[in-house]
Amino acid sequence: MTKVKICGLMEPPHVQAAVEAGVDAVGFVFAPSRRRVAIEQAKELARLVPDHVIKIGVFVNAEREEMEQAFLEVPLDYIQYHGDETVEFMEFVALPSIKVLSVRDVEDVKRAKAVQTEYVLFDTPGTEFRGGSGEAFDWSLLNGDLPRDRMILAGGLNAQNVKEAIRQVRPFMVDVSSGVEIDRRKDEALIREFIRAVKEEESGDGN
Ligand SMILES: O=C(O)c1ccccc1NCC(=O)[C@H](O)[C@H](O)COP(=O)(O)O
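Residues numbered from 1 in each chain as written. Predicted model: local features only at pLDDT ≥ 70, side-chain atom pairs only at ≥ 80, totals over all residues.

Visitor: Please give an account of the UniProt feature "domain: N-(5'phosphoribosyl) anthranilate isomerase (PRAI)" (unreviewed entry) in the chain that cites residues and values.
Guide: UniProt's feature table lists "domain: N-(5'phosphoribosyl) anthranilate isomerase (PRAI)" (unreviewed entry) at residues 4-196, given in the numbering used throughout. The span residues 4-196 is 28% helical and 21% strand by assignment, and the distance between its end C-alpha atoms comes to 10 Å. (UniProt positions renumbered as here; feature names shortened; annotations may be inferred. Helix = DSSP H or I, 4+ residues; strand = E, 2+ residues; numbered from the N terminus.)

Spelled out as structure tokens, the structure:
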């Protein structure tokens, strides 16, 4: 069953909509972004998330102290490294982790073999910020021998294309941010629609 992550959540009603619709993971962006949340804000949002839903903190080239401060205050389950963090650096942080690979070509995909984190997230390279571009990359680049059980697919997903993405890539989890927004703000109906589309695909109701 493909899992669903909604990333870049900033407002309580959007977290509640995701939880009610059966989300598996939520992402709070602590990195420079228009979706950036302060620690206090993330702490409040996290209170709305039941234990069975994974809480992920997204960072880009942050100092270890900055991340530690976040996960001491916010009950994060995973750190998502969305920058140029080295293997050595990631090993020193005391939380399970997700390494992001920005995919331009097959060479970027090959880098996954050297990544030892719990999950590897394949995303489109950022534009204004390091992630959350709303653009899809060429999924056929993921056709090779890759650890599907550790793979998270992101980049330009939405309720219209996610079923095809799942069929083609077979990832462990799909991740969306822009695709559940209207006018750069999360939308409860789009959140529900995206999660429904993933579940329909999995139950064999996908079109
Ligand atoms: O979302 C952001 O603004 C962001 C900024 C800096 C680093 C990471 C960021 N997002 C991380 C995510 O996991 C997004 O969900 C992922 O990049 C996909 O975004 P989208 O293409 O908008 O669905």
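Visitor: Tell me about the packing of helix α6 (residues 162-169) against helix α7 (residues 188-203), and please be specific about residues and values.
Guide: At a minimum axis distance of 9 Å, the contact between α6 and α7 shows a crossing angle of 40°. For the element pair α6 / α7, the angle class is oblique. Remark: the crossing between α6 and α7 carries right-handed chirality. Contacts between α6 and α7 pair Val-162, Lys-163 and Ile-166 from the former with Phe-194, Ala-197, Val-198 and Glu-201 from the latter. A breakdown of the residues in the contact of α6 with α7 according to their chemical character gives five nonpolar, no polar and two charged. (Axes fitted to C-alpha atoms, helices over the stretch in contact; angles between N-to-C directions. Parallel < 35°, antiparallel > 145°, perpendicular 65-115°, else oblique. Left-handed = near helix turned anticlockwise from the far one by under 90°. Contact = placed C-beta atoms within 7 Å. Nonpolar A, V, L, I, M, F, W, Y, C, P; charged D, E, K, R; others polar.)

Visitor: Describe the site of the ligand, with residues and values.
Guide: Among the 26 residues in the neighbourhood of the ligand, the closest are listed as Cys-7, Ser-33, Gly-131, Gly-132 and Ser-178. Going through the elements one at a time, β2 (25-29) and β8 (173-176) are the ones with two or more residues in the shell around the ligand. Each residue belonging to the shell around the ligand can be placed in one class, and the counts come to nine nonpolar, 13 polar and four charged. (Near = placed C-beta within 6 Å.)

Visitor: Could you give me a rundown of the environment of Ser-178, with the residues and numbers involved?
Guide: Mapped onto the elements of the fold, Ser-178 is located in the loop between β8 and β9 (181-182). Along the chain, Ser-178 and Asn-158 lie 20 residues apart, while their C-alpha atoms are 8.0 Å from each other. Dropping the residues within four chain positions of it, Ser-178 is found in contact with Gly-132 and Gly-134.

Visitor: How would you sum up the pairing of strand β4 (residues 78-81)? Please name residues and give values.
Guide: Along β4, one buried face is formed by Tyr-78 and Gln-80 and the opposite face, lined by Ile-79 and Tyr-81, is buried too. You can see the chain leave strand β3 (residues 54-59), run along helix α3 (residues 64-73) and come back into β4, and the turn it takes is right-handed. (Buried ≥ 20, exposed ≤ 12 C-beta atoms within 10 Å, placed from the backbone. Right-handed = clockwise from strand over helix to strand, strands pointing away.)

Visitor: Outline the packing of helix α1 (residues 12-21) against α7, supporting the account with residue identities and numerical values.
Guide: In contact at an axis separation of 9 Å, α1 and α7 are set at 25° when each is read in the N-to-C sense. With respect to each other, α1 and α7 are oriented roughly parallel. Remark: the crossing between α1 and α7 carries right-handed chirality. For the pair α1 and α7, contact is made by Pro-13, His-14, Ala-17, Ala-18 and Ala-21 and by Glu-188, Ile-191, Arg-192, Ile-195 and Arg-196, respectively. Residue composition of the contact of α1 with α7, grouped by class: six nonpolar, one polar and three charged.

Visitor: Before we move on, could you go through α7 and cite the residues and values that matter?
Guide: The terminal C-alpha atoms of α7, which comprises 16 residues, lie 22 Å apart, in line with the 22 Å expected from a rise of 1.5 Å per residue. Inspection of α7 places Ile-191, Phe-194, Ile-195, Ala-197, Val-198 and Glu-201 among the buried residues, and these make up the whole buried set. Buried residues of α7, viewed axially, fall in a sector of 150°; they line one side. Across α7 from its buried face, at more than 90 degrees, point the exposed residues Ala-189 and Ser-203. (Expected span 1.5 Å × (residues − 1). Arc of directions from axis to C-beta.)

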